[in-house]
Amino acid sequence: MSRQAAGMRAWILQRITGAYIALFVIYLAGLFTFAAPSGYAEWRDVVASPGVVITAMLFFLAVLLHAWVGIRDILIDYVHHAGLRLAGLVLVALVLLGSGIWAAKILLLTVHS
Amino acid sequence: MQSKTQRPVFLDLQILTPRLPLVAILSILNRATGVLMFLSAPVLIWLLGVSLDGPAGFARATDFLDGILVQLWLFVLIWAVAHHMFAGIRFLLIDIDVGVELEQARKSALWVLVAGGAVAAITLIGVML
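It should be emphasised that the depicted structure is a prediction, and the values quoted were computed from it without experimental measurement. (Residues numbered from 1 in each chain as written. Chains lettered and ligands numbered in written order. Predicted model: local features only at pLDDT ≥ 70, side-chain atom pairs only at ≥ 80, totals over all residues.)

Within chain A one finds four helices and zero strands. N-terminal to C-terminal, the α/β element order of chain A is α-α-α-α. Computed over C-alpha atoms, the radius of gyration of chain A comes to 17 Å, more than 25% over the 13 Å expected from 2.2 N^0.38 for 113 residues, which places it beyond the range of a compact globule. Here the C-alpha coordinates of chain A stretch approximately 50 × 25 × 25 Å along the principal axes. Within chain A, buried positions represent 19% of all 113 residues. (Helix = DSSP H or I, 4+ residues; strand = E, 2+ residues; numbered from the N terminus. Rg over C-alpha atoms; globule rule 2.2 N^0.38 Å. Buried ≥ 20, exposed ≤ 12 C-beta atoms within 10 Å, placed from the backbone.)

From N to C terminus, chain B includes four helices and zero strands. Taking 2.2 N^0.38 as the reference for a compact globule, 129 residues should give roughly 14 Å; the C-alpha atoms of chain B span a radius of gyration of 22 Å, well beyond that estimate. When its C-alpha atoms are laid out on the principal axes, chain B stretches across 85 × 45 × 30 Å. A total of 129 residues make up chain B; the buried ones form 19% of that total. In chain B, the proportion of contacts linking residues at least 24 apart, taken out of those at least 6 apart, comes to 72%. (Contact = placed C-beta atoms within 7 Å.)

Contact with chain A, which involves 18 residues of that partner, is made by 19 residues of chain B. Of all the elements in the fold, those that place two or more residues in the side of chain A that touches chain B are α1 (3-34), α2 (40-48), α3 (50-78) and α4 (82-112) of chain A. Among the elements that take part in the side of chain A that touches chain B, α4 of chain A stands out by supplying five residues, more than any other. Among the residues making up the side of chain A that touches chain B, the classes are represented as 11 nonpolar, five polar and two charged. (Nonpolar A, V, L, I, M, F, W, Y, C, P; charged D, E, K, R; others polar.)

Residues and elements named next belong to chain B. For helix α3 (residues 68-95), spanning 28 residues, the distance from its first C-alpha to its last is 40 Å, which sits close to the expected 40 Å at 1.5 Å a residue. Within α3 the residues assigned to the buried category are Ala80, Val81, Ala82, His83, His84, Met85, Phe86, Ala87, Gly88 and Arg90. In the stretch just after α3, Asp97 is the one whose phi turns positive, near 70°. (Expected span 1.5 Å × (residues − 1).)

For the rest of this paragraph, the subject is the nonpolar core. Core analysis: the biggest nonpolar cluster contains 17 residues, and Phe59, Phe60, Ala62, Val63, Ala67 and Trp68 of chain A have the highest contact counts within it. For this core, the element with the most residues is α3 of chain A, which contributes nine residues. Leave out the neighbours within four places in its chain, and Ala62 of chain A touches Thr17, Tyr20 and Ile21 of chain A. Grouped together as the second largest cluster of nonpolar side chains are nine residues, Ala80, Phe86, Ala109 and Val112 of chain B included. (Core = buried A, V, L, I, M, F, W, Y, C linked by C-beta atoms within 7 Å.)

This brings us to the packing of helix α1 (residues 22-51) of chain B against helix α4 (residues 102-128) of chain B. Residues and elements named next belong to chain B. Running from N to C, α1 and α4 cross one another at 45°; their axes reach a closest spacing of 9 Å. In this view, α1 runs oblique relative to α4, as classed from their interaxial angle. Here α1 runs over α4; the crossing is left-handed. On α4, the residues that touch Leu22, Val23 and Leu26 of α1 are Ala105, Arg106, Ala109, Leu110 and Val112. Class assignment for the residues of the contact of α1 with α4 results in seven nonpolar, no polar and one charged. (Axes fitted to C-alpha atoms, helices over the stretch in contact; angles between N-to-C directions. Parallel < 35°, antiparallel > 145°, perpendicular 65-115°, else oblique. Left-handed = near helix turned anticlockwise from the far one by under 90°.)

As a further point, take the packing of α1 of chain B against helix α2 (residues 54-66) of chain B. Residue and element names in this part refer to chain B. As a packed pair, α1 and α2 sit with axes 7 Å apart at the nearest point and diverge in direction by 140°. With respect to α2, the element α1 is oriented oblique. The segment α1 lies against α2, with Leu47, Val50 and Ser51 engaging Gly57, Phe58, Arg60, Ala61 and Phe64. Class assignment of the residues belonging to the contact of α1 with α2 gives a composition of five nonpolar, two polar and one charged.

On to α1 of chain B. Compared with an ideal rise of 1.5 Å per residue, which puts 30 residues at 44 Å, α1 of chain B spans 40 Å between its outermost C-alpha atoms and is within 8% of the ideal. Along α1 of chain B, the largest kink reaches about 35° and is centred on Ser40 of chain B; proline Pro42 of chain B follows within four residues of it. Within α1 of chain B the residues assigned to the buried category are Leu26, Asn30, Thr33, Gly34, Phe38, Ala41 and Ser51 of chain B. Packing partners of the buried residues in α1 of chain B comprise α2, α3 and α4 of chain A together with α2, α3 and α4 of chain B. (Bend = angle between axes of the 7 residues up to and from the residue.)

With that out of the way, let us pick up unusual backbone geometry. The phi dihedral of Asp97 of chain B falls on the positive side, at around 70°, and the residue is not glycine. Relative to the assigned elements, Asp97 of chain B resides in the loop between α3 and α4.

Looking at the element boundaries, Val76 of chain B is found in helix α3. Once the C-alpha coordinates of Val76 of chain B and Leu36 of chain B are considered, the two residues, 40 residues apart in sequence, prove to be 9.1 Å apart.

Listed below in structure tokens is the structure:
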């Protein structure tokens, strides 16, 4: 894929993931404002329900991709030293991948508890 | 022999535009709120894990959320999420050619700032009530 096409793909990805994240955040805001779980059992039941597990998995994936595009743009704009930039990008990628795996593991453990 | 005119001549073209236009402030804020959310994500995932780690974990999570510094962080984070979301909606509208003209772009930038601030204010009122 050409550099321009890769940039276009990132641009589209940023908008699709952004729209999905916005919808999920509105759901979360509604949940905690109007139906905040009062205890552990209620909270676990909310998180473990199939609809929430699937949409939350997609949410974490969307956040991972959205954050990668955004933070990558910022690093490329402000860090000009090639080595530092590469180190920064690798660090961000590792933090995001690690966070994504961690979040997925929490969701799956909750389903199986 | 010394030249009468001092060269190069510095033309302060900055005076033609506002020092920091609203749309530029919005762009900077979008990046700042994005970085804040990125840095906050691991803490939030940790908190999610603790809150789902049995009734004792849930109690630990709510205790953590009661801390005054944590509340301050959460407040800024809620504002950041709201602001970033409204700014994103504005970008999506500009993508489909709504509000591209400078005057409209300035106006919508102001609305994004107001809407983000309004969510923060409502949160603060909700916490105090």
